[in-house]
Each structure stands twice: as C-alpha cells, then as structure tokens.
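Spelled out, the chains give:
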Amino acid sequence: KQAVSNIMTANLLGYPYSTVSIDPRMPADSLLANPTLLLRYFQLSIALPVTVINFAPWAANDPAIAAQCKTAFAQREKIGAYYNQLIQESIRTGEPIVRHMEYEFPRNGFTDCNDQFMIGSKYLVAPLLEAGNSRTVRFPRGIWISPKGERIKGPVVKPFTSEQGEILIFESAK
C-alpha cells in the first residue's frame, strides 16, 4: 500500500515517471520463491507509466504465474497508447499521469483512498495489495467498464475478484 501512496505523491510533486522496484537488499531468487509476491509486484509495475521488471517473467517456476504475467502484459498493451497521450499532456501542462482519486474527483470522499489510483482521467486501477485475489473497489460517479466488460454505475463500493492474473483496471465510459 505504501508503494501506491508513494507513487501518487511523486506524481503530484512533478515526477511522472516513478515506478515500483524490488528492495535491492532482497536476494534475486527470493522473489521467484514467492510466486504471489512476484505476481503482485509485476501487476503493479505493469500498470504504471514506467515498468521496471527485475526478473525474467518466464523464469517463474509456477506455470500459472507465468500465464498471469502474460495476461498482465496484454492489459499493458491496451493502455499503452493512452500513456503516450498522457505523457504529451503532462509535458505541456505539468499534470500528473498517475493521479490520486481525490485529485481526479475532488470533494467526493476519496481523501483517504490510498490503495487505488487513476491513470489520467480514463482508467481506474485497483491493484491487489493483500493476500488473495479479491478486493473492494471504490468507484466515483460515472459508468466504469470492468476487465470483463461489466458496466458499473458509480458512486458505489463493490468487491471484485481478479481472475487469470488480470489487473483490476476499469475504463471510464465517458
């Protein structure tokens, strides 16, 4: 959770290319020894403007984890062009790329929401930061499209389960 909060803060301070990285004191093979940690790190990194991967995803010993990493790559491809647009906008305006929910939806009760974020104004990212494949997502006003194509009308708080390694990225239907 602290990594997500730090990234949102860095973006607000004018560092739009911040990312997550593995603690350099951690032995390289310890990440591969913990498949869930590897997957969570990978999913969060893939959702950020700059993706830093300190391991070879195909080196994952668990075939299910390797397949989920591949699914995450496919999701990154979907949002890649939007990142290019946001980078140009950020250069021009100084606006952050990764945005706190309260930044994008002021006075809507998101000041304490530090475990999900916006990519520009189009994508809501709710990374899995705890054990398990489920989490609660807080949606602002509007229509949001889930990774499976389900339409969610906000404002609403709703539980979601990540399947097949998908990152919980919801697209605004604006």
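Cut-offs used in this document
Residues numbered from 1 in each chain as written. Predicted model: local features only at pLDDT ≥ 70, side-chain atom pairs only at ≥ 80, totals over all residues. Heavy atoms only, no water. Helix = DSSP H or I, 4+ residues; strand = E, 2+ residues; numbered from the N terminus. Expected span 1.5 Å × (residues − 1). Buried < 20%, exposed > 50% of the residue type's maximum accessible area, 1.4 Å probe, protein only. Pairing = 2+ DSSP bridges. Contact = heavy atoms within 4.5 Å. Axes fitted to C-alpha atoms, helices over the stretch in contact; angles between N-to-C directions. Salt bridge = Lys/Arg side-chain N within 4 Å of Asp/Glu carboxyl O. Phe/Tyr/Trp six-rings, centres within 6.5 Å; stacked < 30°, edge-to-face > 60°. Lys NZ or Arg CZ within 6 Å of the ring centre and 35° of its normal.

A. Layout of helix α3 (residues 35-46). With twelve residues, α3 extends 16 Å between its outermost C-alpha atoms, agreeing within 8% with the 16 Å of an ideal straight helix rising 1.5 Å per residue. With respect to burial, α3 is a largely interior element, nine of its twelve residues being buried. When we look at burial in α3, the residues that qualify are Leu 38, Leu 39, Arg 40, Tyr 41, Phe 42, Gln 43, Leu 44, Ser 45 and Ile 46.

B. Region of the structure containing the sheet that holds strand β5 (residues 151-161). Strand order in the open sheet formed by six strands is β1-β2-β3-β6-β4-β5, and the pairing between neighbours is antiparallel. Both edges of this open sheet fall to β1 (98-99) and β5, since each of them pairs with a single strand only. Bridge analysis of strand β2 (residues 117-119) against strand β3 (residues 123-125) gives three bridges, and the strand direction is antiparallel. If you follow Phe 117 over to β3, its bridge partner there is Val 125. Its contacts with the sheet put helix α4 (residues 63-93) on β1, β2, β3 and β6 (169-172), and the angle it makes with β2 is roughly 80°.

C. The pattern of salt bridges, seen in detail. All told, the structure shown has eight salt bridges when counted by the stated rule. Glu 89 is the partner of Arg 99 in a salt bridge, and the nearest nitrogen-oxygen pair spans 3.1 Å. You can see Arg 99 sitting in strand β1 and its partner Glu 89 sitting in helix α4, a full ten residues away along the chain. On the basis of relative accessibility, which here comes to 4%, the residue Arg 99 falls in the buried class. Close ionic contact of Arg 135 with Asp 115 constitutes a salt bridge, the shortest N to O distance being 3.1 Å. A residue pair is termed long-range when its members are at least 10 positions apart, and Arg 135 in strand β4 (residues 134-145) and Asp 115 in the loop between α5 (101-104) and β2 qualify at 20 residues. Owing to a relative accessible area of 11%, Arg 135 belongs among the buried residues under this scheme. One network of salt bridges, with partners in common, ties together Glu 89, Glu 95, Arg 99 and Glu 104.

D. Spatial organisation of the packing of aromatic side chains. In this structure the tally under the stated criterion is six aromatic pairs. For the pair Phe 105 and Phe 110, a centre-to-centre distance of 6.3 Å together with 50° between the ring planes defines the contact as tilted. For Phe 110, a relative accessible area of 4% gives the class buried. When the centroid spacing of 4.9 Å and the interplanar angle of 85° are considered together, the rings of Phe 139 and Phe 170 count as edge-to-face. Separated by 31 residues along the polypeptide, Phe 139 in strand β4 and Phe 170 in strand β6 bring together distant segments of the chain. For Phe 139, a relative accessible area of 2% puts it in the buried group. On the basis of relative accessibility, which here comes to 0%, the residue Phe 170 falls in the buried class. An aromatic cluster is present here, built from Phe 105, Phe 110 and Trp 144 joined pairwise through their rings. The lysine or arginine in question, Lys 122, covers the ring of Tyr 82, its NZ or CZ lying 5.3 Å from the ring centre.

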